[in-house]
Each structure stands twice: as structure tokens, then as C-alpha cells.
Amino acid sequence: MQTGVIFDCKEFAVFDGPGMRQTYFLKGCPLRCSWCHNPEGLCRQPQMMVSRASCTNCGRCRQVCTHETCVVCGACVSVCPLHLRRISGETVTAEELAARIRKNGDYYARYGGGVTFSGGEPLMQTDFLLEVLQRLRGLHRAIETSGYCEPAAFDMVLAELEYVMMDIKMFDGTLHRRYTGVDNEWILQNARRLCEGDRPFVIRIPVIPGVNDTEDNYRKTAVFLAGANALLRVEFLPYHKTAGAKYSMMGMKYRPDFDSEKSIFISQKIFEEYGIRSEVL
């Protein structure tokens, strides 16, 4: 039986696929996007999160710690008087997670929904995700993904899904490497599989000022997607200036490699030229 690591669950979600849904966030991501707003989802392993700005340095966490460096044992979590410490990451078996999801599965189904797997990057835990999906057959299953994984693995997961939300952050491979740390070859291969298939899907573009908000990027993306029968729409996700809010809790510094104060350019008209519906979220 496969085990995996999740770091959050969002109930009554209405923006993560059709209807009302439960969304589970899987830990670990192979990308390092300059604008990432979920730093607790980057590392596969459980991590300690601390709201350092409110800490009074009472010392109770140090008194109960018996390790040279943090091993995420959780001993310090319960003794913090202001509840500023928590562990991001829970290890569960596929059977355990599927049982949690099925417990409320009928309720969400009544509202036209189901379950969505997000991250991090859920495809980074492919074997675990596959087993969970197989145990949830009969529910409406969706994924939010960067699309970054080997095409063979993508195909196996795709066969167990009813709905896909996938990013195409940048069409240019050089820019994609610069701003995310990885090439986009697998991503475009997997997006092409969606375009050629019959699985309903949405393409999302996180709009980053001065990075991918160009007419050239939009037009190349529109040309690539044109004619895809199962494409429902393209969604623009404007960069949010609070993206770096959680970095200090992870002991990290937020260093965006772009001008975060710059205004963004969005062109729905370009996609309309190719018969593609688009929305700004």
C-alpha cells in the first residue's frame, strides 16, 4: 500500500473544479516558481511552520526540545502559549485518505462536485495519487497540476480523472527554466495529450508582471490550444502581492525574480480570436 504526504484540506471549495468540492493538497513540487505562494508545499517531507512575527520568545519550545536541529517531532507545538507553531505535512496511506474523502463523498456529489488533488504538485507523488484515485472510482475526481511529470505517468493518472486543471505558465522554454527552474517540454507534451483527448480540461495562466504577460506568450499559447475539443476555457490568475506571506513561517525569504509592483497585461481578445473562452479569476 502506498503512503503519501498531504499538507492541507479545503472543504466546500468552489474554484477547484465543477460544483462544491473537497480539495487535498499533496506535499512536494519539482518546480521553484519565483511567485510561489505555497512554500510549505515545496518540500516532500513534513516541516515546522512558525508565526515568528508574533513570537514573544518565552522559551517554552526550547525547554521541551531534545534535538540539536528540528526533526519535526511536534513536542514544541502543544507547549506554545500563543499556538504559533504547527507541522505542515501529514503522512497517510492511500486507504486512509480515500476513506476520509469517501466519508463526505455523497454530500459533495449532491452539489455537483467531488474531490480535487492539488499541491505542491500532486504528480510528484504519482504512485500514491494513483492508488487513491483508484479507490475513489465513482466519485468525480479532478487535479490541479503544473503538468510536469513523465508523459507515461501523466497518462496513467489521466485515465483515473474526470477533470483536469493544468498550468501553462510560459510557452518559451528558456523563460520557463529561468522562472520555474525546469524545462516545459514535459508540460507541453502532456498538454498536447489533453488537447488530443476527450477529458474535460481547463488551462490556467498565472499572470506574472513582466514575465509572461505578453502578447507573444498569449498568442503562442492560444495557437497551441486552438481546436482542442475538450478545452472548456483558459483562466488567467493575476499575481497576488501577498504571495510571499508564508515564507518567514518556513524560515525562508521571498525573493521574486521580477518587479512585483508592475501592472499586468491580460488579453482575453487574443484567445477569442482562436475560438477559446477565457476568464480572469
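Up top is the structure.
Now for a quick tour of the structure. From a predicted model like this one, the values you see are computed outputs, not experimental measurements.

## Topic: the overall build of the protein chain
What the protein chain contains, in helices and strands, is nine helices and eleven strands. Expected size for 281 residues packed as a compact globule is a radius of gyration near 19 Å; at 20 Å, the protein chain falls within 12% of this value. Dimensions of the protein chain along its principal axes, counting C-alpha atoms only, are 65 × 45 × 30 Å. For the protein chain, the residues scored as buried account for 50% of the 281 residues in total. Pairs at least 24 residues apart make up 72% of the contacts formed inside the protein chain by residues separated by at least 6 positions. Where the 34 positive side-chain charges of the protein chain centre and where its 33 negative ones centre are 6 Å apart.

## Here's the deal with the side chain of Thr116
Positionally, Thr116 belongs in strand 6 (residues 115-119). We classify Thr116 as buried; its relative accessible area is 0%. Within the structure, Thr116 has its side chain in polar contact with the side chain of Arg21 (distance 2.6 Å). Apart from residues lying up to four places away in sequence, Thr116 is in contact with Asp16, Arg21, Gln22, Thr23, Tyr24, Ala142, Ile143, Glu144 and Met165.

## So, the packing of aromatic side chains
Per the stated rule, a full pass over the model turns up 13 aromatic pairs. On the basis of an interplanar angle of 85° and a centroid distance of 6.2 Å, the ring pair of Phe12 and Tyr107 is categorised as edge-to-face. A residue pair is termed long-range when its members are at least 10 positions apart, and Phe12 in strand 1 (residues 3-13) and Tyr107 in helix 3 (residues 105-110) qualify at 95 residues. Put simply, the rings of Phe12, Tyr107, Tyr108 and Tyr111 touch in pairs and so form one group of aromatic residues.

## A look at the sheet that holds strand 10 (residues 231-238)
Judged by pairing direction, the sheet is mixed, and its nine strands sit side by side in the order 5-1-2-6-7-8-9-10-11 without closing on themselves. At either margin of the open sheet sits one strand with a lone partner, and together these are strand 5 (90-93) and strand 11 (278-280). Averaged over all pairs of adjacent strands, the angle between strand axes in this sheet comes to 30°, irrespective of strand direction. Both strand 1 and strand 2 (residues 21-26) contribute to a ladder of five bridges, which runs antiparallel. By the bridge assignment, Ile6 is partnered in strand 2 with Leu26. Lying over the sheet, helix 2 (residues 94-103) contacts strand 1, strand 2, strand 5 and strand 6, oriented at roughly 90° with respect to strand 5.

## Quick notes on the state of the cysteines
One pass over the structure, following the stated rule, counts zero disulfides. Among the cysteines around Cys55, which has no disulfide bond, Cys61 carries the closest sulfur, lying 6.3 Å off. On the accessibility criterion, Cys55 (37% relative accessible area) is partly exposed. In this structure Cys195 is a free cysteine whose sulfur lies 16 Å from that of Cys149, the closest cysteine sulfur available. Take Cys195: its relative accessible area is 15%, and that puts it in the buried class.

## Let's talk about the pattern of salt bridges
On inspection of all chains with the given rule, the structure shows 20 salt bridges. Connected through shared salt-bridge partners, Glu144, Arg204, Arg233, Glu235, Arg277 and Glu279 make up one network.

## Section: helix 4 (residues 126-135)
Taken across its ten residues, helix 4 has seven buried, putting it largely inside the fold. Taken as a whole, helix 4 has its buried residues at Thr126, Phe128, Leu129, Leu130, Glu131, Val132 and Leu133.

## Quick notes on helix 8 (residues 215-225)
All of the buried residues in helix 8 are Asn217, Tyr218, Thr221, Ala222, Phe224 and Leu225. Each buried residue of helix 8 lies within a common arc of 160° when the element is viewed along its axis, so the set occupies one face. Tucked into the core, helix 8 has its buried residues touching helix 7 (185-196), strand 9 (201-207), strand 10 and helix 9 (268-273). Count one or two residues on from helix 8 and you reach Gly227, which has phi positive near 90°.

Basis of the calculations
- Residues numbered from 1 in each chain as written.
- Predicted model: local features only at pLDDT ≥ 70, side-chain atom pairs only at ≥ 80, totals over all residues.
- Heavy atoms only, no water.
- Helix = DSSP H or I, 4+ residues; strand = E, 2+ residues; numbered from the N terminus.
- Rg over C-alpha atoms; globule rule 2.2 N^0.38 Å.
- Buried < 20%, exposed > 50% of the residue type's maximum accessible area, 1.4 Å probe, protein only.
- Contact = heavy atoms within 4.5 Å.
- Lys, Arg positive; Asp, Glu negative; His and termini not counted.
- Charge placed at Lys NZ, Arg CZ, Asp CG, Glu CD.
- Polar contact = N/O pair within 3.5 Å; in protein donor to acceptor, adjacent residues only side chain to side chain.
- Phe/Tyr/Trp six-rings, centres within 6.5 Å; stacked < 30°, edge-to-face > 60°.
- Pairing = 2+ DSSP bridges.
- Axes fitted to C-alpha atoms, helices over the stretch in contact; angles between N-to-C directions.
- Disulfide = S-S within 2.5 Å.
- Salt bridge = Lys/Arg side-chain N within 4 Å of Asp/Glu carboxyl O.
- Arc of directions from axis to C-beta.

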